[in-house]
Amino acid sequence: EDGTRRVISTDWSTVWILFTKFVWLGGMAALLIYSTVSLIRLKRKLVGAILLRDNIYLADHIDSPFVMGLLRPKIYLPSSLSEKERDYIILHEQHHIRRGDHVFKLLSFIALCLHCFNPLVWIAFILSGKDMEMSCDEAVVKEMGDGILADYTASLLSLATGRRIIAGMPLAFGEGDPKVRIRNLADWKKPAFWVVLVA
């Protein structure tokens, strides 16, 4: 009787291990498939994109700007942007590339795939993306001065659509939640000299 209990117990533990393994592999596969399909759909929208200068392209069929690529990242902008808006947005995207955000985004996505069952990793992935965007916003305002705040937030509002498709892709990431970013800019103040010194 003890031997039978031991066998049943062992069998259940084996089934549980197999079940969790398949759930884990299924979660990873779902994330990778979703990301790949989204990337293919996005690339179709970029057919006919026109080179503006350097690594910056204008595309007719996209609603929001984003960085795409790993080794040679490119910046894609909607053709509908005004020249003034382009200056802000290009500077924002260049900050992303300069800091290597496109690389960190891929690494964080790999971590998310490996730990897709862990809600804390999902929270970290989402919050890190928001932090990247808000940090670049602050860098733009710091470089161009507080005088651009009104125009810059107006640009964010005009680009408040079409972001969700990009958010889940490691090789093409867009601008995040505009409401959160606008709120952050409204509260933004240039740090005092002593704060910068301590930092």
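Criteria and thresholds
- Residues numbered from 1 in each chain as written.
- Predicted model: local features only at pLDDT ≥ 70, side-chain atom pairs only at ≥ 80, totals over all residues.
- Heavy atoms only, no water.
- Disulfide = S-S within 2.5 Å.
- Core = buried A, V, L, I, M, F, W, Y, C linked by side-chain atoms within 4.5 Å.
- Buried < 20%, exposed > 50% of the residue type's maximum accessible area, 1.4 Å probe, protein only.
- Helix = DSSP H or I, 4+ residues; strand = E, 2+ residues; numbered from the N terminus.
- Pairing = 2+ DSSP bridges.

Draft legend 1. Quick peek at the state of the cysteines. If you walk through the whole model with that rule in mind, you get zero disulfides. Sulfur of Cys113: no disulfide; nearest cysteine sulfur belongs to Cys116 and is 7.3 Å away.

Draft legend 2. Representation of the nonpolar core within the structure. Listed in full, the nine residues of the largest apolar core are Leu39, Leu42, Leu46, Tyr57, Ala59, Ile62, Phe66, Met68 and Tyr76. Secondary structure elements with two or more residues in this core: helix 1 (2-45), strand 2 (56-59) and strand 3 (66-68).

Draft legend 3. Fine view of the pairing of strand 2. Residues of strand 2 alternate between two faces, with Ile56 and Leu58 on one and Tyr57 and Ala59 on the opposite face, all of them buried. Of the pairings in the sheet, the one linking strand 1 (residues 50-53) to strand 2 comprises three bridges and is antiparallel in character. Directly across from Ile50, in strand 2, lies its bridge partner Leu58. Once strand 1 ends, the chain turns through two residues before running back antiparallel as strand 2, passing Asp54 with a positive phi of about 45 degrees.

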